[in-house]
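# Structural features, examined
Spelled out, the chains give:
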Amino acid sequence: MKAHLVLLPGDGIGPEITEQAKLVLEKVSQKFGHDFDFSSHLIGGIAIDSTGEPLPEDTVAACRSSDAILLGAVGGPKWDDPSAKTRPEVGLLQIRKELGLFANLRPIRLFDELVDASPLKREIIEGTDILFLRELTGGIYFGEAGRSGEAEEEAAFQSMVYSVSEVERIVRLAAKAAQGRQNRLTSVDKANVLEPSRLWRQVAARVMREEFPDVEYDVVLVDAMAMHLINRPRDFDVVVTGNMFGDILTDEASMLPGSLGMLPSASLGAGGPGLYEPIHGSAPDIAGQDIANPLATILAAAMLLRHSLQLSEEADAVEHAVAQVLSDGLRTADIARGSEAIGTVAMGEAVIERLSK
Ligand code: IPM
Ligand code: MG
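In what follows, the accompanying structure is described.

Calculation notes
Residues numbered from 1 in each chain as written. Chains lettered and ligands numbered in written order. Predicted model: local features only at pLDDT ≥ 70, side-chain atom pairs only at ≥ 80, totals over all residues. Heavy atoms only, no water. Helix = DSSP H or I, 4+ residues; strand = E, 2+ residues; numbered from the N terminus. Rg over C-alpha atoms; globule rule 2.2 N^0.38 Å. Contact = heavy atoms within 4.5 Å. Areas by Shrake-Rupley, 256 points an atom, 1.4 Å probe, with all protein chains shown as cover. Lys, Arg positive; Asp, Glu negative; His and termini not counted. Charge placed at Lys NZ, Arg CZ, Asp CG, Glu CD. Near = heavy atom within 4 Å. Polar contact = N/O pair within 3.5 Å; in protein donor to acceptor, adjacent residues only side chain to side chain. Pairing = 2+ DSSP bridges. Axes fitted to C-alpha atoms, helices over the stretch in contact; angles between N-to-C directions.

In this section: the overall build of the chain. For the chain, the helix and strand inventory stands at 13 helices and 12 strands. In terms of overall size, the chain behaves like a compact globule, its C-alpha atoms giving a radius of gyration of 20 Å where 357 residues would be expected to give roughly 21 Å. Considered along the principal axes of its C-alpha atoms, the chain spans approximately 55 × 50 × 40 Å. Counting contacts in the chain only where the partners sit at least 6 residues apart, residues at least 24 apart contribute 76% of the total. Here the chain displays about 15200 Å² of accessible surface, and carbon together with sulfur accounts for 51% of that area. When the 33 positive and 54 negative side-chain charges of the chain are each reduced to one mean point, those points stand 4 Å apart.

Let us now look at the site of ligand 1. All residues adjacent to ligand 1 are Glu89, Leu92, Arg96, Arg106, Arg134, Tyr141 and Asp247. Separating an oxygen atom of ligand 1 from a side-chain N or O atom of Arg106 is a distance of 2.9 Å. For ligand 1, an oxygen atom lies 2.9 Å from a polar atom in the side chain of Asp247. Alone, ligand 1 offers 320 Å² of accessible surface; in the complex the protein occludes 79% of this.

With that settled, consider the sheet that holds strand β3 (residues 68-73). Ordered by their spatial adjacency, 10 strands build an open sheet running β2-β1-β3-β12-β11-β4-β5-β10-β8-β9, and the pairing between neighbours is mixed. Looking along the sheet, the strands with just one partner apiece sit at the ends: β2 (35-40) and β9 (216-221). Neighbour-to-neighbour, the strand axes of this sheet turn through a mean angle of 25 degrees, independent of strand direction. Running over the sheet, helix α4 (residues 88-98) touches β3, β4 (103-109), β5 (129-135) and β12 (274-278) and is turned about 150 degrees from β12. Contacts from helix α6 (residues 164-179) reach β4, β5, β8 (184-189) and β10 (238-241), with the element oriented near 165 degrees to β5.

Quick look at the structure:
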């Protein structure tokens, strides 16, 4: 298979981890007889520094004409001034919106070898396997925002808007995903307080009743969900929720497997290229030191193989190689829990070596 892949390394540790994932993809392409070519483009803070914009036009064009996109991370203290004209994160939000990537898949999967790296007890987390579907192009992230007034009277607002069609499409996708798993779907909202959540709840209930009567369905309020995730994570299969609740709950859920450094995500739309990235951010404090964990990005590359290129055997091979390095005892600092750690490059090389076998 021939595929053109766009790399968006971004800021902080983004370039180092993206490089390791690219090397893994090159290995896959060689081993399975594919022809992947890569081009790298600017996004985030580095794009602001060189073009003034967090998402230059030619980056968007390159993404549009690609088969899939692999992104590192954006942001850092250098661009954090709240009064700045633009921000690195705007680039990420824009590319999601431009490409219509309304569904963000965030699988929370435990690696047996890392169960003891989790801050939670083994008996609570063992057996956890959750797929989050976070709505990604609507809600408060994209609502009208602004400021008014002056001095003590200055105020800011940002509105949360969801339409029926936005809820329908993400709930449908989540229900289909559930059918391929344990056939259970949980929708998370804040319908006791927020109007858009009440619309979300009504629409989700209707879609489930009319189109997926076979899927076991329930609803949970977001504050309660924050608690259940820590208390009984095993009880959930597929979880669907809005943009901001999904952002927060998936960072929380990332602690179940022990490290944010292990979790990939896929952002998909209705056709067109998908965008794959680790859930973690740019970690500027450890950038450029060869200590970041590249495994989340490598696992994101596996998701890319599976969802955008339909190469499931290749995706399995990458995931298997990652499981193998872990069972061989290799750890980057974030998952080492005080024992000996290896660097970013060595971890990438170890995965590639397992893939070669
Ligand atoms: C994420 C990140 C982004 C988000 C930021 C960097 C804009 O936290 O992908 O979860 O809030 O969506
Ligand atoms: Mg986040």
